[in-house]
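Results of the structural survey
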Amino acid sequence: MPLSAAVISGVQKLVLYETRARYFLVGSNHAQTKHRVLKIDRTEPKDLAIIDDKHVYNQQEVRELLGRLDLGNRTKMGQKGSSGLSRAVSAYGIVGFVRFLEGYYLVLITKRRKMADIGGHSIYKIEDTNMIYIPNDSVRVTHPDEARYVRIFQNVDLSSNFYFSYSYDLSHSLQYNLTLLHSPCDPGTVEEVHTRRSRQQDSFDIFEDEGLPTQVFHGLQSEPYAKYVWNGKLLERVKDTVHPDWLMYIIHGFCGQSKLLIYGRPVHVTLIARRSSKFAGTRFLKRGANCEGDVANEVETEQIIHDASVMSFTAGSYSSYVQVRGSVPLYWSQDISTMMPKPPIRLDQADPYAHVAALHFDQMLQRFGSPIIILNLVKKREKRKHEKILSEELFPAVINLNQFLPPEHCIDYIAWDMARYTKSKLYNVLDRLSMIAENVVKRTGFFINRSDFFCHTLRPDERWGDLGGSLTSSGRVQTGVLRTNCVDCLDRTNTAQFMVGKCALAYQLYALGMIDKPKLQFDTDCVRLFEELYEDHGDTLSLQYGGSQLVHRVKTYRKIAPWTQHSKDIMQTLSRYYSNAFSDADRQDAINLFLQVYQPSESKPHLWELPTDFYLHQRNSMALTHDRRSYTYWWSEGILSYLPLPYDEVPCEENMKKVGVRRVNRYDESIDTYTEFFKPYELTSFDDTFCIAMTNSARELMPKTVGVDPSPFTVRKPEETGKSAVIGAKSSKEETVVQRKTAASAPPPPSEEQISSSSEDDSEDDRDDDGSVSQRSTPVKLLTESGESVRTQEDFLQQSMRETYGLNLAALPAEDDMLIYERFAYLGQNQHKLERTEPSVLENAINVVPVSCFTTDSIYEVSSPQVDRDNREVFEGHVLTGLGQVRSLCREDILMYREYIKNRYM
């Protein structure tokens with residue numbers, strides 16, 4: 001079966017050329033060897049007329065085409081107006097086409113920034129866009145409200161957390177994308193696509209008479225997951241008329257990547273958050289769920305860990321873990337007209353058969369499989385019922401749905417009042433969360449694309465044997481997902497997701513052979529790096545939905561936050577309240593217009609005239625549904641037969657219809673990830689590469705003191721980190737610890753009480769488990785006044801040697817080892833007395849067993865190595881070629897030359 005690879009978009013650089021009658025959009029691949037041309041008519045005042053000839057041009061053909069267009073559009077001498085073809089703008093992709101009350105607009109990406117790299121596939125963030133009006137001014141029909149709609153549309157800041165990729169499907173998880181590459185393709189479909197494309201290109205093969213086989217790859221391109229695509233409606237108008245390379249889908253959420261250095265071995269930690277475009281909006285204006293089961297503030301968070309020393313998806317080691325947050329799937333809302341910080345929660349509609357919850361969990365079973373685990377963090381005890389209302393409705397709904405599911409696939413419900421535990425001094429919030437996280441990860445498992453290492457057999461861990469998920473021939477697959485929610489799904493949810501992600505990270509690193517047991521401690525470089533990623537992730541999602549950054553962070557629940565954090569929390573609370581009261585309505589209108597939930601028309605009232613957008617998001621309020629779902633068989637057809645595997649990842653006939661297959665040459669540019677990533681045709685600087693600029697654990701988190709253990713899994717005190725940059729006295733003996741400042745700023749170090757409280761966050765199980773090998777290192781003291789500091793340094797060196805080599809080198813060697821060493825020392829001292837004619841003396845000194853493959857091998861001489869026939873022929877061929885005598889080409893040489901000619905000139 002031919003190998004499969006992801007298709008790289010052939011349109012990565014765009015140039016828009018303008019004439020009075022048309023726009024010509026010229027798109028090319030990154031190497032600018034293949035070009036496509038899109039013709040847009042400017043004489044239609046309210047319609048979009050686009051022509052794509054589907055032809056691939058080379059660079060010379062495009063120049064000739066543009067030259068003819070420039071010559072044909074020049075005006076006569078003396079005539080006013082523009083002449084010829086003018087270059088309007090350069091871009092990197094098309095966001096879409098949108099129309100309000102006049103003509104269509106073209107939205108182009110004009111600036112981008114690389115944010116992450118996964119297996120050689122680059123992920124970019126949109127930095128700037130350009131909105132171009134298509135119709136010519138001579139045919140434009142003006143409308144007085146057009147400018148207002150344009151302002152509302154531009155309120156969606158596309159330069160804020162919108163991401164895209166030319167070769168990696170961001171709307172799907174890594175597990176889906178890699179599973180798709182290993183799924184079997186239908187040969188009939190492949191041949192059909194190949195035949196159709198070969199007829200279009202009308203190419204010929206100069207080696208077709210030689211009968212040499214061509215190595216064929218299947219280029220796969222799947223349809224994006226519509227829920228997480230934000231410009232799907234903007235591209236819907238041209239989706240069926242243009243080539244797929246023109247279509248570029250964007251997601252909204254968060255993307256961050258950092259490098260974890262494990263003794264020089266690079267491991268990339270990537271965090272991707274996909275925000276749902278269904279029932280999207282702001283905090284108080286979008287609560288609960290709509291009639292189709294889509295919930296507010298639904299975000300899918302995926303953490304990807306991969307060994308960056310090997311880039312390829314086929315040869316590299318990749319692991320991912322997915323979890324979800326989202327509002328409680330019920331009909332509920334909050335009235336913000338009262339101007340209260342916490343408006344009362346109101347159940348808008350009775351749902352005795354949990355119809356909306358059934359639709360929501362049906363989507364989750366189809367995408368993630370089973371088990372679905374709900375972690376409900378809302379309050380249980382309140383003086384006046386507020387959050388408790390949601391728990392009293394959600395729990396019976398889950399009970400009702402579970403009675404129709406098979407027992408092994410039932411929905412798990414975990415209710416835990418996190419706010420109450422936080423206020424109590426007797427409980428540790430993170431200890432409880434770590435217990436929940438361990439149970440969840442063991443049940444769902446995680447994805448990894450390789451089988452277990454041999455080190456797992458040498459050093460087995462009992463927790464590894466209990467891990468859930470599904471085992472495959474090439475690794476593991478995550479089955480099921482954790483769904484976390486509180487009321488807002490912001491502060492408490494982010495901390496809970498961090499703890500689950502930290503537990504999953506330990507299992508992922510263990511599966512990749514990076515650590516000896518699936519357990520990670522706080523205050524290590526690894527966990528600090530992961531915590532910073534999650535805080536950026538939480539701040540970004542909180543700004544998008546709530547209007548401010550996180551109020552309560554991981555440090556808040558660990559009770560080690562500095563005193564300055566309290567004033568920041570107050571400011572964030574005020575910012576969130578102001579945003580919810582005054583700016584959320586405008587943001588909601590902009591989101592509704594961008595997602596085309598509301599489409600302007602002269603026959604409808606304007607967007608700003610609508611008293612509510614309830615009818616835009618609840619389709620059953622405008623028309624009766626024709627097919628009613630069963631209350632007992634509430635899942636989609638075919639899902640149960642494949643559980644616990646997710647139905648979307650099963651290579652069934654329905655799913656394979658969503659995958660486009662191209663039969664291409666092995667060296668074709670559309671699947672050549674190596675050329676796409678390294679760009680050998682460009683002059684690049686190593687210092688400007690993305691891998692140098694990304695966050696580095698060794699550069700930004702590891703202490704800069706001499707002699708400190710460089711392991712990112714060593715527990716360090718808060719003042720030991722590289723970001724604290726503290727230089728000063730630490731004790732009455734004037735001990736000095738020199739630390740280097742880094743570019744990233746950090747809050748001042750906490751007090752001694754706060755440091756002592758941080759150690760209490762580790763559970764008793766963690767202390768018992770790690771008691772044998774202490775990982776808390778002490779900085780080397782540069783100024784010593786007594787032997788105590790010297791002993792401290794010696795203890796540290798012995799400790800680090802034991803951790804590194806597995807034995808204490810300072811202890812006396814065994815008697816047998818000392819005897820062997822003395823014999824070797826005697827041999828070295830007397831080697832000048834030995835003669836070449838006295839080999840027996842060597843035997844008297846020590847009985848040396850020969851281990852060399854050479855017949856003669858000593859300190860005096862070594863026999864020449866034997867070279868086999870094949871190597872001699874290769875060397876002789878190089879010598880003859882240098883002398884100008886070229887041998888006749890063999891079959892493999894002809895095949896290689898043929899591939900080169902086809903890839904270079906055809």
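Residues numbered from 1 in each chain as written. Predicted model: local features only at pLDDT ≥ 70, side-chain atom pairs only at ≥ 80, totals over all residues. Heavy atoms only, no water.

The chain is annotated in an unreviewed UniProt entry as Polyphosphoinositide phosphatase isoform X1 from Salvelinus namaycush. Recorded under Subcellular location (unreviewed entry), the UniProt text for the chain is reproduced unchanged: "Endomembrane system". (UniProt positions renumbered as here; feature names shortened; annotations may be inferred.)

Attention now goes to the overall build of the chain. A tally of helices and strands in the chain yields 27 helices and 25 strands. Out of the 906 residues in the chain, the part that is buried amounts to 49%. In the chain, the proportion of contacts linking residues at least 24 apart, taken out of those at least 6 apart, comes to 71%. With an accessible surface of roughly 46,600 Å², the chain has 53% of that area assigned to carbon and sulfur atoms. (Helix = DSSP H or I, 4+ residues; strand = E, 2+ residues; numbered from the N terminus. Buried < 20%, exposed > 50% of the residue type's maximum accessible area, 1.4 Å probe, protein only. Contact = heavy atoms within 4.5 Å. Areas by Shrake-Rupley, 256 points an atom, 1.4 Å probe, with all protein chains shown as cover.)

Bringing the packing of helix 12 (residues 491-511) against helix 13 (residues 525-545) into the picture now. Between two packed helices, both the angle of their axes relative to each other and the distance between the axes serve to describe the pair. Contact pair helix 12 / helix 13: the axes reach a minimum separation of 10 Å and the direction vectors enclose 140°. Taken as axis vectors, helix 12 and helix 13 run oblique relative to one another. For the pair helix 12 and helix 13, the sense of crossing is right-handed. Between helix 12 and helix 13, the residues in contact are Asn494, Gln497, Phe498, Gly501, Lys502, Leu505 and Leu509 and Cys526, Val527, Phe530, Glu531, Tyr534, His537 and Gly538, respectively. (Axes fitted to C-alpha atoms, helices over the stretch in contact; angles between N-to-C directions. Parallel < 35°, antiparallel > 145°, perpendicular 65-115°, else oblique. Left-handed = near helix turned anticlockwise from the far one by under 90°.)

The subject of this paragraph is the sheet that holds strand 3 (residues 22-28). Hydrogen bonds between backbone atoms are what pair the strands of a sheet, whose relative direction is either parallel or antiparallel. As summarised here, the arrangement of the five strands in space is 5-4-3-2-6, forming an open sheet in which the pairing is antiparallel. Looking at strand neighbours, the two that pair on one side only are strand 5 (50-52) and strand 6 (86-91), the edges of this open sheet. Neighbouring strand axes in the sheet, compared pairwise and without regard to direction, differ in orientation by 20° on average. Two strands pair when backbone bridges link them, and strand 4 (residues 35-41) and strand 5 are joined in this way by three bridges, in the antiparallel orientation. Bridged to Ile40 within strand 5 is Ile50. (Pairing = 2+ DSSP bridges.)

Counting residues in hydrophobic clusters, the biggest one holds 57 residues, and the most contacted among them are Leu433, Val441, Phe446, Phe498, Leu509 and Leu520. Within the residue set of this core, elements represented by two or more residues are strand 12 (251-262), strand 13 (265-275), strand 14 (299-307), strand 18 (372-376), helix 9 (429-444), helix 12, helix 13 and helix 14 (554-558). The dominant element in this core, judged by the number of residues it contributes, is helix 12, at twelve residues. If near-sequence neighbours (up to four positions away) are discounted, Leu433 is found in contact with Trp416, Met418, Thr495, Ala496 and Met499. If you look at the next biggest cluster of nonpolar residues, it comprises 34 residues, including Ala358, Leu365, Phe368 and Val398. (Core = buried A, V, L, I, M, F, W, Y, C linked by side-chain atoms within 4.5 Å.)

With that settled, the discussion passes to the side chain of His268. On the secondary structure map, His268 appears in strand 13. Overall, His268 belongs to the buried group, its relative accessible area being 6%. Ignoring anything within four residues of it in the chain, the contact list for His268 reads Asp117, Gln257, Ser258, Lys259, Ile304, Ile305, His306, Ala308 and Met694.

Attention shifts here to the environment of Val229. Inspection of the secondary structure puts Val229 in the loop between strand 11 (216-222) and helix 5 (232-235). For Val229, a relative accessible area of 7% corresponds to the buried category. Counting along the chain gives 49 residues from Val229 to Lys278, while the straight-line C-alpha distance between them is 9.4 Å. Aside from chain neighbours lying at most four places away, what touches Val229 is Ser171, Pro224, Tyr249, Ile250 and Ser277.

This paragraph deals with the sheet that holds strand 11. Read from one edge of the open sheet, three strands run 1-11-24, paired in mixed fashion. Either end of the sheet is taken by a strand with one partner, and the two such strands are strand 1 (3-6) and strand 24 (659-665). Taking each pair of neighbouring strands and ignoring which way they run, the sheet shows an average axis angle of 35°. Sitting on the sheet, helix 3 (residues 174-181) is in contact with strand 1, strand 11 and strand 24, with an inclination near 145° to strand 11.

With that settled, the discussion passes to the packing of aromatic side chains. Summed over the entire model, instances satisfying the criterion amount to 29 aromatic pairs. Their ring planes at 90° and their centres at 4.8 Å tell us that Phe677 and Phe678 sit as a pair that is edge-to-face. Within the aromatic cluster, the residues linked to one another by ring pairs are Phe100, Tyr105, Tyr133, Tyr149, Phe153, Phe162, Trp230, Phe594 and Trp608. Over the ring of Phe522 we find Arg558, and its NZ or CZ is 4.2 Å from the ring centre. (Phe/Tyr/Trp six-rings, centres within 6.5 Å; stacked < 30°, edge-to-face > 60°. Lys NZ or Arg CZ within 6 Å of the ring centre and 35° of its normal.)

This next bit is on the environment of Phe153. As for its placement among the helices and strands, Phe153 is situated in helix 2 (residues 146-154). Sequence separation between Phe153 and Ala590 is 437 residues, and the spatial gap between their C-alpha atoms is 5.3 Å.

Along the chain, the position of Ser470 falls in strand 21 (residues 470-472). Ser470 sits 25 residues away from Gly445 along the chain, and the two C-alpha atoms are 7.6 Å apart. The contacts of Ser470, once residues within four sequence positions are left out, are Gly475, Arg476, Val477, Thr479 and Leu645.

The N-to-C vectors of helix 9 and helix 12 enclose an angle of 55°; their axes lie 8 Å apart at closest approach. In terms of orientation, helix 9 and helix 12 fall into the oblique class. In the packing of helix 9 onto helix 12, the handedness of the crossing is right-handed. Across the interface between the two elements, Leu430, Leu433, Ser434, Ala437, Glu438, Val441 and Lys442 of helix 9 pack against Thr495, Ala496, Met499, Val500, Cys503, Ala504 and Tyr507 of helix 12. In terms of residue class, the contact of helix 9 with helix 12 is built from ten nonpolar, two polar and two charged. (Nonpolar A, V, L, I, M, F, W, Y, C, P; charged D, E, K, R; others polar.)

Attention now goes to the side chain of Lys259. Residue placement: Lys259 occurs in strand 12. What Lys259 contacts, discounting residues up to four positions off in sequence, is Pro266, Val267, His268, Leu529, Cys691, Met694, Thr695, Asn696 and Ser697.

Moving on, we get to helix 12. Think of an α-helix as turning once every 3.6 residues; residues three or four places apart then point the same way. With 21 residues, helix 12 ought to run about 30 Å at 1.5 Å a step, and its terminal C-alpha atoms sit 30 Å apart, in line with that. The element helix 12 is extensively covered by neighbouring structure, given that 21 of its 21 residues are classed as buried. Of the residues one or two after helix 12, Gly513 is the one with positive phi, at around 80°. (Expected span 1.5 Å × (residues − 1).)

As a further point, take the pattern of salt bridges. Across all of its chains, the model carries 34 salt bridges by this definition. Across the pair Glu236 and Lys233 runs a salt bridge, and its minimum N-O distance is 3.8 Å. Judged by relative accessible area, Glu236 falls into the partly exposed class, the value being 48%. Taking the relative accessible area as the measure of exposure, Lys233 reaches 41% and is therefore partly exposed. (Salt bridge = Lys/Arg side-chain N within 4 Å of Asp/Glu carboxyl O.)

Attention shifts here to helix 13. Helix length check: helix 13 (21 residues) gives 30 Å between terminal C-alpha atoms against 30 Å at 1.5 Å per residue, within 8%. Of the residues trailing helix 13, Gly547 is marked for its positive phi of about 90°.

Attention now goes to unusual backbone geometry. For residues other than glycine, phi is negative in most cases, and the peptide bonds are mostly trans. For the peptide bond that leads from Ser370 to Pro371, omega is 10°, which places it in the cis range. Positionally, Pro371 belongs in the loop between helix 6 (355-368) and strand 18. The omega angle of the peptide bond from Leu643 to Pro644 is 10°, so this bond is cis rather than trans. Here Pro644 shows up in the loop between helix 16 (614-617) and helix 17 (653-656). If you check the backbone angles, Asn161 has positive phi at about 65° while not being a glycine. Relative to the helices and strands, Asn161 resides in the loop between helix 2 and strand 10 (162-164). On the basis of relative accessibility, which here comes to 15%, the residue Asn161 falls in the buried class. Located in the positive-phi region is Tyr263, a residue other than glycine, with phi close to 55°.

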